[in-house]
Amino acid sequence: MEKIRNDFNPPEIGPCVVRWDGKLLPALSGKQMVDRLLVIILHNGTNQLLGVPELRSVTGENQATAVYQELKLL
C-alpha cells in the first residue's frame, strides 16, 4: 500500500473528489468477515486508491474518522 501511495504524489492536490464505500470482506486470516472501507480520491481525472482500512463498527463517525486518517497520509 505504501508504494501505491508514494506513486501518487502530486505537487499540490487542489480540487478533488473523495469517495468511500463499505464492504464486508474476509479477514486476512480468512476465518471471519470484517467491515472494510474503500477510500478513493479522484484528482485530475485519475482515481487513486488511498486505503482499505478495517472498521470496528459501521457507524458514520467511524467511517468519517477512517476517511480522515487516509487523507492525512497524503
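Residues numbered from 1 in each chain as written. Predicted model: local features only at pLDDT ≥ 70, side-chain atom pairs only at ≥ 80, totals over all residues. Heavy atoms only, no water.

(A) Region of the structure containing the nonpolar core. Formed by Leu37, Val39, Ile41, Leu50, Leu55, Ala66 and Val67, the largest nonpolar core amounts to 7 residues. Considering each element in turn, this core owes the most residues, 3 residues, to strand 2 (residues 33-43). With residues near it in sequence (within four places) discarded, valine 39 still touches Val18, Arg19, Trp20, Gln48, Leu49, Leu50, Gly51, Pro53, Val67 and Glu70. (Core = buried A, V, L, I, M, F, W, Y, C linked by side-chain atoms within 4.5 Å. Buried < 20%, exposed > 50% of the residue type's maximum accessible area, 1.4 Å probe, protein only. Helix = DSSP H or I, 4+ residues; strand = E, 2+ residues; numbered from the N terminus. Contact = heavy atoms within 4.5 Å.)

(B) Local environment of the side chain of arginine 36. Looking at the element boundaries, arginine 36 is found in strand 2. Side-chain polar atoms of arginine 36 contact the backbone oxygen of valine 52, separated by 2.9 Å. (Polar contact = N/O pair within 3.5 Å; in protein donor to acceptor, adjacent residues only side chain to side chain.)

(C) Structural detail: the confidence of the model for the protein. For the protein, per-residue confidence averages 84 on the pLDDT scale, and residues scoring 70 or more make up 82% of the total. Of all helices and strands in the protein, the one with the weakest mean pLDDT is helix 1 (residues 2-7) (58), whereas helix 2 (residues 60-72) scores best (93). (pLDDT = per-residue confidence, 0-100.)

(D) Quick look at the pairing of strand 3 (residues 46-51). Bridge analysis of strand 2 against strand 3 gives 5 bridges, and the strand direction is antiparallel. Looking across to strand 3, one finds that leucine 42 is bridged to asparagine 47. In this antiparallel pair of consecutive strands, strand 2 and strand 3, the connection spans 2 residues, and asparagine 44 shows a positive phi of 50 degrees. (Pairing = 2+ DSSP bridges.)

(E) Up close: the pattern of salt bridges. Applying the stated criterion across every chain yields a total of 2 salt bridges. We note a salt bridge from arginine 36 to glutamate 54, for which the minimum N-O separation is 3.6 Å. Here arginine 36 is found in strand 2, whereas its partner glutamate 54 is found in strand 4 (residues 54-55), with 18 residues between them in sequence. Judged by relative accessible area, which is 16%, arginine 36 ranks as buried. The class of glutamate 54 is partly exposed, set by a relative accessible area of 48%. (Salt bridge = Lys/Arg side-chain N within 4 Å of Asp/Glu carboxyl O.)

(F) Spatial organisation of helix 2. For helix 2, with 13 residues, the first-to-last C-alpha span of 18 Å sits near the 18 Å given by 1.5 Å per residue. Of all the residues in helix 2, the buried ones are Ala66, Val67 and Glu70. The arc enclosing the buried residues of helix 2, seen along the axis, measures out at 95 degrees, which places them on a common side. For helix 2, the exposed residues set more than 90 degrees away from the buried face come down to Glu61 and Tyr68. (Expected span 1.5 Å × (residues − 1). Arc of directions from axis to C-beta.)

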